[in-house]
Amino acid sequence: MSKIEPGKSVLEVDELMQILPHRYPILLVDRLVDIVPGEGAVGIKNVSYGEPIFQGHFPEKPVLPGVFMIEAMAQTAAAYTSYTENLDTEGKIVLFMGVDKARFRRPVVPGDQVRIAVRTVQRRPPVWRFEGVATVEGKKVAEAQFSAMLAQSV
């Protein structure tokens, strides 16, 4: 794993990059806050007009694609789980197994700060099931249930 101090309630982006294999432009979590082992955490995504996706989605009215919000939920859950359970992720990768009950309530646009609350619903390593809710200014923008597994990297 990483050399991150145990017991922290906030992880900054440099610490997240010690846990997650993702890098810009697909690293979709800027910070992990409100980390409570056994309960959940909140990922923060600051949406900027300069992100490459907005060159084509959509140039006249930029909107963050819903699949990016689901990916941000997954990255939040992966970072939370890896950190709080002190998982050895060396030579391994977290893979999606399924997404259920995904709903998109409002568009997310440049300038928004998305708060992604995740919680573990079921834990049977190497498989976990999570619930995620994304909000902007206290209003729900997306929600989903999803499962993932920790597998050997190919």
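Presented here is an overview of the structure given in this document. The model shown is predicted, which means the values in this text are computed figures rather than measured ones.

Observations concerning the pattern of salt bridges
Step number 1: Going through the model one piece at a time under the given rule, you end up with nine salt bridges.
Step number 2: For Glu143, the salt bridge identified is with Arg105, shortest N-O distance 2.5 Å. One end of the pair, Glu143, is in strand E7 (residues 139-152); the other, Arg105, is in the loop between strand E4 (92-104) and strand E5 (113-124), with 38 residues separating them in the sequence.
Step number 3: Classification of Glu143 by relative accessible area gives buried; the value is 18%.
Step number 4: The salt bridge involving Glu131 is made with Arg119; its shortest N-O contact spans 3.1 Å. Of this pair, Glu131 sits in strand E6 (residues 127-136) while Arg119 is found in strand E5, placing the two residues 12 residues apart along the sequence.

Description of the packing of aromatic side chains
Step number 1: A full pass over the atoms with the stated rule returns two aromatic pairs.
Step number 2: Note on Phe96 and Phe146: the rings are 6.2 Å apart at their centroids and 85 degrees apart in plane angle, and the pair reads as edge-to-face. One end of the pair, Phe96, is in strand E4; the other, Phe146, is in strand E7, with 50 residues separating them in the sequence.
Step number 3: Following the ring pairs from residue to residue traces out a cluster consisting of Phe96, Phe130 and Phe146.

Some points on the pairing of E7
Step number 1: Counted residue by residue, E7 has 10 buried out of 14 residues, so it is predominantly covered.
Step number 2: Here E4 runs beside E7; their pairing, made up of 10 bridges, is antiparallel. When the bridges of E7 are listed, Ile93 appears paired with Ala151.
Step number 3: In terms of strand pairing, E6 meets E7 through 10 bridges, oriented antiparallel.

Brief notes about the environment of Glu143
Step number 1: Note: C-alpha distance between Glu143 and Glu15 (128 residues apart in sequence) is 26 Å.
Step number 2: Once residues lying within four places of it in the same chain are set aside, the contact partners of Glu143 are Met73, Lys101, Ala102, Arg103, Arg105, Gly132 and Val133.
Step number 3: Only 2.5 Å separates the side chain of Glu143 from the side chain of Arg105, close enough to count as a polar contact.

Describing empty space enclosed by the protein
Step number 1: According to the stated counting rule, one finds two cavities of 30 Å³ or more in the structure shown.
Step number 2: By volume, the largest cavity is sized at about 70 Å³.
Step number 3: Together, Ala77, Ala78, Thr81, Ser82, Leu87, Val94, Trp128, Phe130, Ala148 and Leu150 line the largest cavity.
Step number 4: In terms of residues, the lining of the largest cavity owes the most to one element, helix H2 (residues 66-84), which gives four residues.
Step number 5: The residue makeup of the lining of the largest cavity, split by class, is eight nonpolar, two polar and no charged.
Step number 6: Size it by volume and the second largest cavity reaches roughly 50 Å³.
Step number 7: When residues of the lining of the second largest cavity are traced back to their parent elements, those giving at least two are H2 and E5.
Step number 8: Per-element accounting of the lining of the second largest cavity gives the leading share, three residues, to H2.
Step number 9: The class makeup of the residues in the lining of the second largest cavity is eight nonpolar, no polar and one charged.

Parameters at a glance
- Residues numbered from 1 in each chain as written.
- Predicted model: local features only at pLDDT ≥ 70, side-chain atom pairs only at ≥ 80, totals over all residues.
- Heavy atoms only, no water.
- Salt bridge = Lys/Arg side-chain N within 4 Å of Asp/Glu carboxyl O.
- Helix = DSSP H or I, 4+ residues; strand = E, 2+ residues; numbered from the N terminus.
- Buried < 20%, exposed > 50% of the residue type's maximum accessible area, 1.4 Å probe, protein only.
- Phe/Tyr/Trp six-rings, centres within 6.5 Å; stacked < 30°, edge-to-face > 60°.
- Pairing = 2+ DSSP bridges.
- Contact = heavy atoms within 4.5 Å.
- Polar contact = N/O pair within 3.5 Å; in protein donor to acceptor, adjacent residues only side chain to side chain.
- 1 Å grid on protein atoms, 1.4 Å probe; cavity = no way out; pocket = protein on both sides within 12 Å on 5 of 7 lines; lining within 4 Å.
- Points joined across faces, edges and corners; volume = space filled by probe spheres on them.
- Nonpolar A, V, L, I, M, F, W, Y, C, P; charged D, E, K, R; others polar.

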